[in-house]
Amino acid sequence: MKRRDAINLLYKIYNACQDVTINSIKIEETEKTKDTYDQDFFLVINSSVSPTSKSILRNMAADHGLFLSEKNNRTIISNHKNL
């Protein structure tokens, strides 16, 4: 997803999920390119997520055409199925 979309989704998640703090969620880029507009970004939550919040995250991801995955105790939201 583009950076602006990632930022907007970050704030939606922060406002909707009580157990996701602003310090536990961040935006990362998939690969570095010279042009910022061509970069692809994803969201990473580095804390445990309650079942309620996980359901909210899954629905938000689906609403935006994104995927929710878990890897190494991290919850990842991206437009790639296996990131």
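Predicted model, so just to flag it, every value in this text is computed and none were measured.

Parameters at a glance
- Residues numbered from 1 in each chain as written.
- Predicted model: local features only at pLDDT ≥ 70, side-chain atom pairs only at ≥ 80, totals over all residues.
- Heavy atoms only, no water.
- Helix = DSSP H or I, 4+ residues; strand = E, 2+ residues; numbered from the N terminus.
- Buried < 20%, exposed > 50% of the residue type's maximum accessible area, 1.4 Å probe, protein only.
- Contact = heavy atoms within 4.5 Å.
- Areas by Shrake-Rupley, 256 points an atom, 1.4 Å probe, with all protein chains shown as cover.
- Pairing = 2+ DSSP bridges.
- Axes fitted to C-alpha atoms, helices over the stretch in contact; angles between N-to-C directions.
- Core = buried A, V, L, I, M, F, W, Y, C linked by side-chain atoms within 4.5 Å.

**Considerations on the overall build of the chain**
When its secondary structure is counted, the chain shows two helices and four strands. Secondary structure of the chain in N-to-C order comes out as α-β-β-α-β-β. Out of the 83 residues in the chain, the part that is buried amounts to 34%. Considering only intrachain contacts with a sequence separation of at least 6, the fraction spanning at least 24 residues in the chain is 48%. Of the roughly 5500 Å² of accessible surface on the chain, a fraction of 46% belongs to carbon and sulfur atoms.

**Side note on the side chain of Ser53**
Looking at where Ser53 falls in the secondary structure, it is placed in helix H2 (residues 51-63). For Ser53, the residues in contact, after removing those within four places along its chain, are Cys17, Gln18 and Asp19.

**Examining the sheet that holds strand E2 (residues 41-45)**
Across the sheet, which stays open at both edges, the four strands sit in the order E1-E2-E4-E3 with antiparallel pairing between neighbours. Strand pairing shows two members of the sheet lacking a second neighbour, strand E1 (25-29) and strand E3 (67-71), which therefore form its edges. Neighbour-to-neighbour, the strand axes of the sheet open up by a mean angle of 30°, direction not taken into account. Bridge analysis of E1 against E2 gives five bridges, and the strand direction is antiparallel. When the bridges of E2 are listed, Glu29 appears paired with Phe41.

**Structural notes on the nonpolar core**
Ranked by internal contacts, the top residues of the largest apolar core, which has 17 residues, are Met1, Leu9, Ile13, Leu43, Leu57 and Ile77. Counting only elements with at least two residues in this core, the list comes to helix H1 (3-16), E2 and H2. Among the elements that line this core, the one with the most residues is H1, at four residues.

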